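Secondary and tertiary structure notes
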Amino acid sequence: MSVTIYHNPDCGTSRNTLAMIRNAGMEPEIIEYLKTPPSRSTLKDLIARAGLTVRAALREKGSPFADLGLSDVSLTDDQLLDAMQEHPILINRPFVVTSLGVRLCRPSEVVLDILPAAQKGTFAKEDGEPVVDSEGRRIQQ
């Protein structure tokens, strides 16, 4: 049961996602995508397998999105992918890959939909928001 997370340790959502993977008793392959960005073909594949458009995988906040004029709807997917390759901070995160699928885990509890193992107990996000109860069941908000 392999799990891969495209992770940014400075991102709370990414840290929460990683913690939920570990709460399921799994140690994922961690790819710090700012240090080791995915290839263009891998990025394109992640986006497609997650059921997203390239534009939906762009990170706007805390990135050069506005400075690069990426809100221009006439830009093609190839142009957006070029920008993401040149500026990996534009890749929204975290993407998680398991045998059950690929998801952009925003919010972080989306990862629970594709983990091949159950949660081992209580889990709350860094801000204290409960996600999983003491029996490992997802808490519906």
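Just above, that's the structure.
Below or above, wherever it landed, is the structure these notes cover. (Residues numbered from 1 in each chain as written. Predicted model: local features only at pLDDT ≥ 70, side-chain atom pairs only at ≥ 80, totals over all residues. Heavy atoms only, no water.)

1. Re helix α3 (residues 77-86)
Three- or four-residue spacings in an α-helix give side chains the same orientation, since the helix completes a turn every 3.6 residues. When we look at burial in α3, the residues that qualify are Leu 80, Leu 81, Ala 83 and Met 84. The arc that holds the buried residues of α3, viewed along the axis, is 155°, so those residues lie on one side. Where α3 is buried, its residues contact α2 (40-49). (Buried < 20%, exposed > 50% of the residue type's maximum accessible area, 1.4 Å probe, protein only. Helix = DSSP H or I, 4+ residues; strand = E, 2+ residues; numbered from the N terminus. Arc of directions from axis to C-beta. Contact = heavy atoms within 4.5 Å.)

2. Observations regarding the pairing of strand β1 (residues 4-7)
Burial along β1 is two-sided: Thr 4 and Tyr 6 and Ile 5 and His 7, pointing in opposite directions, are all buried. Looking at chain direction, β1 and strand β2 (residues 29-32) are connected through 4 bridges and run parallel. If you follow Ile 5 over to β2, its bridge partner there is Ile 30. One crossover worth recording links β1 to the parallel β2 by way of helix α1 (residues 12-23), and it is right-handed. Where β1 and strand β3 (residues 95-98) come together, 3 bridges link them in antiparallel fashion. For Thr 4, the partnering residue across the bridge sits in β3 and is Val 97. (Pairing = 2+ DSSP bridges. Right-handed = clockwise from strand over helix to strand, strands pointing away.)

3. Overview of the nonpolar core
Ranked by size, the top nonpolar core spans 22 residues in total, and within it Tyr 6, Ile 47, Leu 58, Leu 70, Met 84, Leu 90 and Phe 95 carry the most contacts. Secondary-structure elements contributing two or more residues to this core are α2, α3, β3 and β4 (101-104). Tallying contributions element by element places α3 first for this core, with 4 residues. When residues no more than four places from it in sequence are discounted, the contact partners of Phe 95 are Thr 4, Ile 5, Tyr 6, Leu 46, Ile 47, Ala 50, Leu 52, Ala 57, Val 102, Arg 103 and Leu 104. Counting residues in hydrophobic clusters, the runner-up holds 18 residues, among them Leu 18, Met 20, Leu 115 and Val 131. (Core = buried A, V, L, I, M, F, W, Y, C linked by side-chain atoms within 4.5 Å.)

4. Some thoughts on the state of the cysteines
Counted according to the given criterion, the structure contains 0 disulfides. Here Cys 11 is not cross-linked by a disulfide; its sulfur's nearest cysteine counterpart is in Cys 105, at 11 Å. (Disulfide = S-S within 2.5 Å.)

5. Observations regarding the environment of Ile 30
For Ile 30, the location among the structural elements is in strand β2. Through-space distance from the C-alpha of Ile 30 to that of Leu 18 is 8.7 Å; in sequence the pair is 12 residues apart. In this structure Ile 30 touches Ile 5, His 7, Leu 18 and Arg 22, once residues within four positions along its chain are discounted.

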